[in-house]
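Commentary on secondary and tertiary structure
What follows is the residue order along each chain.
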Amino acid sequence: VDTADEIGDLAQTINTLAGRLERVEQERHHLEQVRNDFLANVSHELRTPLTAMQGFLEALQDGLVEEEEARQKYYAVMYSETLHITRLVDDLMDLMKLENNELALAKFPIDVGGVIDKVVLAFRPEAEEKGVEILVEMPEKLPKVYADKDRIAQIMKNLVKNAIKFTDEGTIRLSARSEAEWVEISVADSGVGISADDQERIWERFFKVDRGRSKKNKGTGLGLAIVKELVELHDGEVTLTSEPGKGSTFSVRLPAMDCERMIS
Ligand code: ADP
């Protein structure tokens, strides 16, 4: 009887181990898939601007572009393609550091109002060119947040850049307010909006809604993935509410600084 019990126990242990091995194998397979998708995406995003540049360079080299004006246009396009590649590489480096916990924040007590003002100043011309008005609503006094100013600016830039990109002749409202233990910053646009299904995937690396339409928008699909990671690194959270055809609102909540703790 003892031996039969032992054999039974052994069989059960083997079963459990086999199950575990299978799960490990599934996980390994999944990671490999993620890695392959990532490499395919990076290659695609690099290849697109490189192919365009090759075409233009060949035409210039073969002396096919005779008019000076056309030549200048070719140079301008090639220059903007190199900017796109640089942005892509910078974004990838940031994401890699974020995911490996290697991004060090230079945290100080900061006033988010100042950051918002600077971002608006930088983007207003681009918005006006598209007939998009930027409105800012802020209370006179806001608690400070303990944060990396440059990274908060990067978060805001990504959100405002998107708001402009996906809005034609409309309004973008930037607001900040204090709520319970948070400082909440919102970027609300009256643009194309995002469907419920896409709202779930929007934070994924390289995800773009309707690749065809986004093509002329020249995004990397990394902006919101970086926003999410950066906000979470500040112990905050970012949320989205949106309705297709009506617009989108991205809200970033950062922990407000406790004044007493600041003094001690
Ligand atoms: P990128 O803007 O570089 O493509 P993001 O990660 O910033 O990458 O955004 C991913 C996608 O989410 C965009 O391609 C777009 O389809 C959608 N999106 C982001 N912001 C908005 C917005 N304000 N309105 C509508 N769609 C948006």
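Residues numbered from 1 in each chain as written. Predicted model: local features only at pLDDT ≥ 70, side-chain atom pairs only at ≥ 80, totals over all residues. Heavy atoms only, no water.

Going by an unreviewed UniProt entry, the protein carries the name histidine kinase and comes from Brevibacillus ruminantium. In UniProt, the protein has this text filed under Catalytic activity (unreviewed entry): "ATP + protein L-histidine = ADP + protein N-phospho-L-histidine." What UniProt states about the protein under its Subcellular location (unreviewed entry) heading is, verbatim, "Cell membrane". (UniProt positions renumbered as here; feature names shortened; annotations may be inferred.)

1. A closer look at the overall build of the protein
Per the secondary structure count, the protein includes eight helices and seven strands. Relative to the globule expectation of 18 Å for 264 residues, the C-alpha radius of gyration of the protein, 25 Å, shows a markedly less compact shape. In the protein, which comprises 264 residues, the share counted as buried stands at 35%. Long-range contacts, defined here as pairs at least 24 residues apart, represent 72% of the contacts in the protein between residues at least 6 apart. (Helix = DSSP H or I, 4+ residues; strand = E, 2+ residues; numbered from the N terminus. Rg over C-alpha atoms; globule rule 2.2 N^0.38 Å. Buried < 20%, exposed > 50% of the residue type's maximum accessible area, 1.4 Å probe, protein only. Contact = heavy atoms within 4.5 Å.)

2. Quick look at the environment of Ala176
Within the secondary structure layout, Ala176 lies in strand S4 (residues 171–179). As a C-alpha pair, Ala176 and Asp37 span 139 residues in sequence and 37 Å in three-dimensional space. Contact partners of Ala176, with chain neighbours within four places excluded, come to Val112, Ile116, Glu137, Met138, Pro139, Leu142, Glu184 and Ile185.

3. Considering the nonpolar core
Ranked by internal contacts, the top residues of the largest apolar core, which has 50 residues, are Val112, Ile152, Ile155, Met156, Leu159, Leu174 and Val187. With eight residues, the single largest contributor to this core is helix H4 (residues 149–165). When neighbours within four sequence positions are excluded, Leu174 is seen to be in contact with Ile116, Val120, Ile134, Leu135, Val136, Glu137, Met156, Val160, Ser186 and Val187. By size, the runner-up hydrophobic cluster in this structure holds six residues, among which are Ala59, Leu60, Val65 and Ile85. (Core = buried A, V, L, I, M, F, W, Y, C linked by side-chain atoms within 4.5 Å.)

4. Brief notes about the environment of Lys144
Relative to the elements of secondary structure, Lys144 occurs in the loop between strand S2 (133–137) and strand S3 (145–147). Each C-alpha atom, one on Lys144 and one on Trp182, is 9.9 Å from the other, the two residues being 38 residues apart in sequence. In contact with Lys144, not counting residues within four places along its chain, are Pro109, Ile110, Ala256 and Met257.

5. Overview of the sheet that holds strand S5 (residues 182–189)
Strands pair in a sheet through their backbones, by hydrogen bonds, and they do so in one of two ways: parallel or antiparallel. Pairing is mixed across the open sheet formed by five strands, whose spatial order is S2-S4-S5-S7-S6. Looking along the sheet, the strands with just one partner apiece sit at the ends: S2 and strand S6 (237–243). On average, adjacent strands in this sheet sit at an angle of 15 degrees to one another, irrespective of strand direction. In terms of strand pairing, S6 meets strand S7 (residues 247–255) through seven bridges, oriented antiparallel. (Pairing = 2+ DSSP bridges. Axes fitted to C-alpha atoms, helices over the stretch in contact; angles between N-to-C directions.)

6. A look at the pairing of S5
Within S5, eight of the eight residues are buried, which leaves the element mostly enclosed by the surrounding structure. Here S5 shows two buried faces, one formed by Trp182, Glu184, Ser186 and Ala188 and the other by Val183, Ile185, Val187 and Asp189. Here S4 runs beside S5; their pairing, made up of eight bridges, is antiparallel. Looking at the pairing, Ile172 lines up with Asp189 of S5. The hairpin formed by S4 and S5 contains two residues between the paired strands, and Ala180 there has a positive phi angle of roughly 50 degrees. The sheet contact formed by S5 and S7 spans eight bridges and is antiparallel. Paired with Ser186 across the strands is Ser251, a residue of S7.

7. Considering the pairing of S7
Look at any regular strand and the pattern is simple: side chains alternate between the two faces of the sheet. Counting buried positions along S7 gives seven out of nine residues, so the element sits mostly inside the fold. If you look at the hairpin formed by S6 and S7, you'll find three residues sitting between the two strands, and Gly245 has a positive phi there, around 85 degrees.

8. Overview of H4
In an α-helix, one turn spans 3.6 residues, which is why side chains three or four residues apart end up on the same side. If you check H4, its first and last C-alpha atoms are 24 Å apart, about what 17 residues at 1.5 Å a residue would give, namely 24 Å. Here H4 lies mainly inside the structure; twelve of its 17 residues are buried. (Expected span 1.5 Å × (residues − 1).)

9. Points about the pattern of salt bridges
Per the counting criterion, the structure on display carries 16 salt bridges. Between Arg28 and Glu32 there is a salt bridge; the shortest N-O distance is 2.9 Å. One end of the pair, Arg28, and the other, Glu32, are both in helix H1 (residues 2–61), four residues apart, so they sit about a helical turn from each other. Here Glu32 falls in the partly exposed class, since its relative accessible area comes to 36%. (Salt bridge = Lys/Arg side-chain N within 4 Å of Asp/Glu carboxyl O.)

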